[in-house]
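Notes for the structure review
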Amino acid sequence: MTPGADKAHAGLLLALGFAAFAVALASLFVGYVHFDVFTAARDALAGRDSIEALALVQLRLPRAILGASIGFTLGLSGAAMQGLLRNPLADPGVIGVSGGAAFGAVAAFYTGLSAAFALALPLGGVAGAILSALALYGLAGRGAGTTTLILAGVAINSFTGALTSLALNLSPNPYAVFEIMFWLMGSLADRSLPQVALALPLMVVGWIAMLSSARALDALTLGEDTAESLGFDLRRLRWKLVAGSALAVGASVAVAGAIGFVGLVVPHLLRPWVGHRPGRLLLASGFGGALALVVADLGVRVLPLQPELKLGVLTALVGAPFLLALVFRARRDEP
Amino acid sequence: MSDLTGLMATPSPWPGLSRPSTPSRQNCVGVTDNDVSLQPEAPVQNGSERSRADGRDNPGHHDRSKLRPVKLLYRAFLACLILFASPALAKPTRLVSLNQCTDELALRLADPENIASVTWLAQDAGNANMALAARDKPANQGTAEEAMAYRPDLVLVGAFTPPTTRAMLKQIGAPVAEFDPPETLAQVRQQIRDFAAVIGEPARGEALVAEMDRDLDAASVDPRGPKLKTIILRPNGYTIGPGSLVDELLARAGLENMAARLDIGTYEQISLERIADLDADVLIANSEIAGAPSLATEGLNHPIVAALSHHMRVVALPARLWTCPGPALVDAVKQLVAATRDLRALAQAR
């Protein structure tokens with residue numbers, strides 16, 4: 001790699017990271033009522049419990065933090081899985097990891113487990129995500145064709161969706177059955193700071209596990225044997241990526257539902273910008289995902305729809321045609 | 001059941017009975033099919049849509065299908081005849097209720113031995129006002145099949161009973177009475193009377209309405225006094241706007257519904273942000289439905305609701321008091337008045 005390319009990459013990361021941060025900051029100014037955000041922030045910093053300060057700190061701040069961190073998780077996990085499976089269609093939503101996480105979280109929440117022990121909610125999501133990821137790896141592991149991967153994902157998605165539905169049906173609470181849309185489509189409406197505190201630490205651990213695999217992922221593009229001869233332990237790499245993405249995605253889904261397609265679209269758009277190197281794609285996709293999700297979340301708040309559109313609806317409306325285009329291109333390329 | 005089968009063979013008594021309880025000449029002549037809260041049509045349609053199998057079960061029903069072309073007046077005349085001749089005979093003895101709100105009315109107004117089944121919702125003390133009385137009744141899940149298993153002489157359904165269920169009941173020839181949720185106090189009174197008439201207990205209906213009105217007047221605060229600014233937060237972030245029954249109750253409790261200023265419909269979602277911004281005196285939140293968790297009720301546990309309690313009075317009100325509008329509305333008003341008494345005194349002093 002030439003120093004020039006390194007410099008360009010640093011520039012890209014800086015630009016994406018700055019844009020994501022700026023949009024998240026700007027999202028604090030967008031909501032359903034108008035108030036002076038600066039006064040509210042001064043009140044909050046001075047410990048004054050004014051209504052504006054409450055709205056800023058308890059409602060808009062958690063929404064911005066979760067939007068950015070969940071977007072980061074989805075972009076990063078998409079890039080990591082695409083690198084690991086060496087398949088451009090791997091995305092936590094498409095291959096069923098998010099679906100598994102949703103079932104895990106639903107099981108923890110509606111049984112009342114998370115009411116007794118708050119951490120059970122993200123941990124349930126993580127457990128579901130790990131089970132899905134393992135099932136996927138068993139069905140369509142290393143180097144499997146795109147068709148196998150997608151079919152495995154369809155099967156896992158259907159199965160976890162059915163289990164989620166079953167768990168909601170079994171709940172004696174009359175509202176539960178109507179909440180499937182939240183779990184399958186995702187939303188950031190009225191999230192709270194305690195939810196940030198529950199999910200963010202797990203996400204950060206997952207991020208570190210994935211980001212630290214960058215060099216190994218680059219080596220993997222040379223083939224498994226070459227990567228191993230270069231001294232990378234592939235078993236360890238797989239575990240780190242599966243566990244890392246499951247931790248981050250599981251915790252995300254547990255507080256915001258399964259938001260699809262961010263992990264598919266963002267790495268794709270950024271791949272040409274990082275010289276098609278999967279290791280470099282990781283951090284760039286993370287920032288790109290954060291940027292994309294916060295913008296989408298701004299979108300659902302600005303659109304004059306009542307009740308608010310689910311965030312996953314917007315990402316799927318953009319992402320699903322994108323997936324179709326990819327499939328179409330793949331068909332054309334392989335005769 | 002046996003003597004009633006004979007009665008069922010006569011032309012539908014329901015249109016006449018659905019009118020206010022004291023039969024007057026005007027009521028009998030004025031019977032129409034456009035009663036809003038009750039569907040007097042239903043039993044009549046049973047006659048025309050009845051299958052042959054039902055006809056065999058109940059040969060007397062044959063006469064009814066011929067009634068279809070006959071003028072309304074004739075039906076009304078017969079209905080009045082029955083009403084005046086022997087109102088006691090009109091009393092159904094195997095009531096099956098497929099709706100939580102008709103459950104409550106049946107449990108309040110009918111003789112317990114005449115209720116064959118209520119829904120499972122009626123037995124949950126967290127959701128239903130008459131759970132104690134419902135406890136020893138067989139429970140149903142609101143399906144037509146279950147209803148028929150009790151061989152009902154009257155099936156009570158609500159606005160939320162699926163159309164397929166209602167169609168099925170009509171097809172198999174069960175007499176059906178539908179009660180929609182009332183939207184004003186006047187409609188609540190009328191519904192109690194209609195219901196009492198349909199189950200052959202008009203006097204009890206009158207007594208219940210009188211009791212409710214007396215208690216409500218006693219619980220209400222002076223309408224000329226100061227009004228406290230109020231907003232309601234229901235599960236899933238819904239609030240209740242003007243033109244609703246709840247709005248009327250708030251007025252009775254000396255509360256002004258701020259939803260009116262927000263240009264909000266009768267039942268609409270409101271973001272927590274807007275609620276925080278309202279600068280209300282009182283926030284009425286549903287108290288948690290007992291038992292299983294749901295995201296719908298989790299919004300009521302958002303930390304901002306607790307934080308807002310420093311700025312406004314947060315009143316937790318059991319949703320069951322106004323889920324099915326009836327005499328329990330009095331308790332809702334009482335609890336609201338009690339929870340805001342000091343605020344009202346403060347406002348008065350100012």
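Residues numbered from 1 in each chain as written. Chains lettered and ligands numbered in written order. Predicted model: local features only at pLDDT ≥ 70, side-chain atom pairs only at ≥ 80, totals over all residues. Heavy atoms only, no water.

1. Some remarks on the overall build of chain A
This is how it is decided: Put simply, DSSP marks the helices as runs of H or I at least four residues long and the strands as runs of E at least two long, and each gets a number from the N terminus on. The method behind every accessible area is Shrake-Rupley, applied with a 1.4 Å probe, and residues are considered shielded solely by the protein chains displayed. Here Asp and Glu are counted as negative and Lys and Arg as positive; His is not counted, and neither are the chain ends. Taken as the charge location is NZ of Lys, CZ of Arg, CG of Asp or CD of Glu.
Summing up its helical and strand segments, chain A has 15 helices and zero strands in all. Reported as C-alpha extents along the three principal axes, the dimensions of chain A are approximately 60 × 55 × 35 Å. If you sum the accessible surface of chain A, you get close to 14600 Å²; carbon and sulfur atoms cover 71% of it. Both charge centroids of chain A, one from 21 positive and one from 17 negative side chains, sit 5 Å from each other.

2. What about the sheet that holds strand β8 (residues 255-257) of chain B?
Residue and element names in this part refer to chain B. Condition: Only strands that DSSP links by at least two bridges are regarded as paired with each other. Simply put, an axis is a line fit to the C-alpha atoms, just over the touching stretch for a helix, and the angle between two N-to-C directions goes from 0 to 180 degrees. Note on definitions: a residue-residue contact is assigned when non-hydrogen atoms from the two residues lie within 4.5 Å.
The four strands lie next to each other as β8-β6-β10-β11, forming an open sheet whose pairing is parallel. The sheet terminates laterally at β8 and β11 (313-318), the two strands that pair on one side only. Between one strand and the next, the sheet's axes are offset by a mean angle of 40°, whatever the strand orientation. Looking at chain direction, strand β10 (residues 282-287) and β11 are connected through six bridges and run parallel. Counted as the bridge partner of Ala-285 is Ala-316 from β11. Of the strands in this sheet, β6 (228-233), β8 and β10 are in contact with helix α14 (residues 245-252), which crosses β8 at around 150°. The strands touched by helix α20 (residues 341-349) are β6, β8, β10 and β11; relative to β6, the strand with the most contacts, the crossing angle is about 150°.

3. Some points on the interface of chain B and chain A
Let me state the cut-off plainly: Buried area is calculated as the accessible area (1.4 Å probe) missing from two parts once they are joined, with the contributions of both summed. A side-chain nitrogen of Lys or Arg and a carboxyl oxygen of Asp or Glu constitute a salt bridge if their distance falls within 4 Å.
In this assembly, 25 residues from chain B lie in contact with 30 residues from chain A. Both sides together, the interface formed by chain B and chain A hides about 2500 Å², and carbon and sulfur atoms give 65% of it. If you sort the residues of chain B by the area they bury against chain A, Glu-273, Pro-293 and Leu-295 of chain B come out on top, with a joint share of 26%. Taken together, the links from chain B to chain A amount to one salt bridge. One salt bridge connects Arg-60 of chain A with Glu-273 of chain B, and the closest N-O pair in it is separated by 2.7 Å.

4. Topic: the packing of aromatic side chains
Each pair of aromatic rings is reported with the distance of its centres and the angle of its planes. Residues and elements named next belong to chain A. Where we set the bar: Stacked, tilted and edge-to-face pairs are distinguished by plane angle, under 30 degrees for stacked and over 60 for edge-to-face with tilted covering the rest, among Phe, Tyr and Trp rings (Trp via its six-membered ring) whose centres lie within 6.5 Å. A 1.4 Å probe rolled over the protein chains alone gives each residue an accessible area, and that area as a share of the maximum for its type sets the label: buried under 20%, exposed over 50%, partly exposed in between.
Per the counting criterion, the structure on display carries eight aromatic pairs over all chains. Ring centres of Phe-72 and Trp-207 lie 4.6 Å apart, and the angle between their planes is 55°; this geometry places the pair in the tilted category. Pair noted here: Phe-72 is in helix α3 (residues 51-85) and Trp-207 is in helix α9 (residues 193-211), with a separation of 135 residues, a long-range link. Trp-207 matches Phe-72 in its accessibility class, with the two residues each being buried. Chaining the aromatic ring pairs together yields one cluster made of Phe-109, Tyr-110, Phe-182 and Trp-183.

5. A few points about the state of the cysteines
All names here are of chain B. Note the threshold: In this description, a disulfide is simply a cysteine sulfur pair whose atoms lie within 2.5 Å.
The tally for this structure, following the rule as stated, stands at one disulfide over all chains. Paired by a disulfide, Cys-101 and Cys-324 hold their sulfur atoms 2.0 Å apart. Here the disulfide of Cys-101 and Cys-324 is left-handed, its torsion about the S-S bond being about -80°. Note that Cys-101 is positioned in helix α8 (residues 100-109) and Cys-324 in the loop between α18 (320-323) and α19 (329-339), a separation of 223 residues in sequence. Looking at Cys-101, the relative accessible area reads 27%, which means it is partly exposed.

6. Observations concerning the environment of Thr-39 of chain A
Residues and elements named next belong to chain A. So the rule is basically this: In protein, a polar contact requires one atom able to donate a hydrogen and another able to accept it; more generally it is a pair of N or O atoms within 3.5 Å, and residues adjacent in sequence count only if both atoms are side-chain atoms.
Mapped onto the secondary structure, Thr-39 falls in helix α2 (residues 37-45). Residues Thr-39 and Pro-201, spaced 162 residues apart in sequence, show a C-alpha to C-alpha distance of 30 Å. A polar atom in the side chain of Thr-39 sits 2.5 Å from the side chain of Asp-36.

7. Considering the packing of α3 of chain A against α9 of chain A
Residue and element names in this part refer to chain A. The condition that has to hold: Geometric relationships in this document are graded by angle, where less than 35 degrees denotes roughly parallel, more than 145 denotes roughly antiparallel, 65 to 115 denotes roughly perpendicular, and other angles denote oblique. Each helix crossing is assigned a hand: it is left-handed if the near helix lies turned anticlockwise from the far helix by less than a right angle, otherwise right-handed if that turn is clockwise.
Running from N to C, α3 and α9 point in directions that differ by 25°, and their axes come no closer than 10 Å. For the element pair α3 / α9, the angle class is roughly parallel. Here the hand of the crossing between α3 and α9 comes out left-handed. Each of Val-57, Gln-58, Pro-62, Ile-65, Leu-66, Ser-69, Ile-70, Phe-72, Thr-73, Leu-76, Ser-77 and Ala-80 in α3 lies in contact with α9, whose residues at this interface are Leu-193, Val-196, Leu-200, Met-203, Trp-207, Met-210 and Leu-211.

8. Concerning the nonpolar core
Defined as follows: To form a nonpolar core, buried Ala, Val, Leu, Ile, Met, Phe, Trp, Tyr and Cys residues must be joined to one another through side-chain atoms within 4.5 Å.
Ranked by internal contacts, the top residues of the largest apolar core, which has 84 residues, are Ile-70, Tyr-110, Trp-183 and Ile-259 of chain A. It is helix α12 (residues 234-256) of chain A that provides the largest number of residues to this core, a total of 13 residues. Sequence-distant contacts of Ile-259 of chain A, that is, excluding residues within four places in its chain, are made with Ile-70, Leu-74, Met-185, Gly-186, Leu-293, Leu-311, Gly-312 and Thr-315 of chain A. Formed by 51 residues, the second largest nonpolar core is a distinct cluster that contains Ala-122, Ile-199, Val-282 and Val-315 of chain B.

9. Comments concerning the side chain of Ser-244 of chain B
Residues and elements named next belong to chain B. Among the secondary structure elements, Ser-244 is positioned in the loop between β7 (238-240) and α14. The exposure class of Ser-244 is buried, given its relative accessible area of 8%. Ser-244 has contacts with Glu-183 and Thr-266, leaving out every residue within four places of it along the chain.

10. Section: the pairing of strand β2 (residues 115-119) of chain B
Residues and elements named next belong to chain B. Using the following cut-off: With its strands directed away from the observer, a crossover is right-handed exactly when the path from the first strand over the helix to the second travels clockwise.
For β2, a buried count of five out of five residues is recorded, marking the element as mostly surrounded by other parts of the structure. Of the pairings in the sheet, the one linking strand β1 (residues 95-97) to β2 comprises two bridges and is parallel in character. Across the sheet, residue Leu-95 finds its bridge partner in β2, namely Ile-115. Handedness of the crossover joining β1 and β2 through α8: right-handed. Relative to strand β3 (residues 139-140), β2 is paired through two bridges, and the arrangement is parallel.

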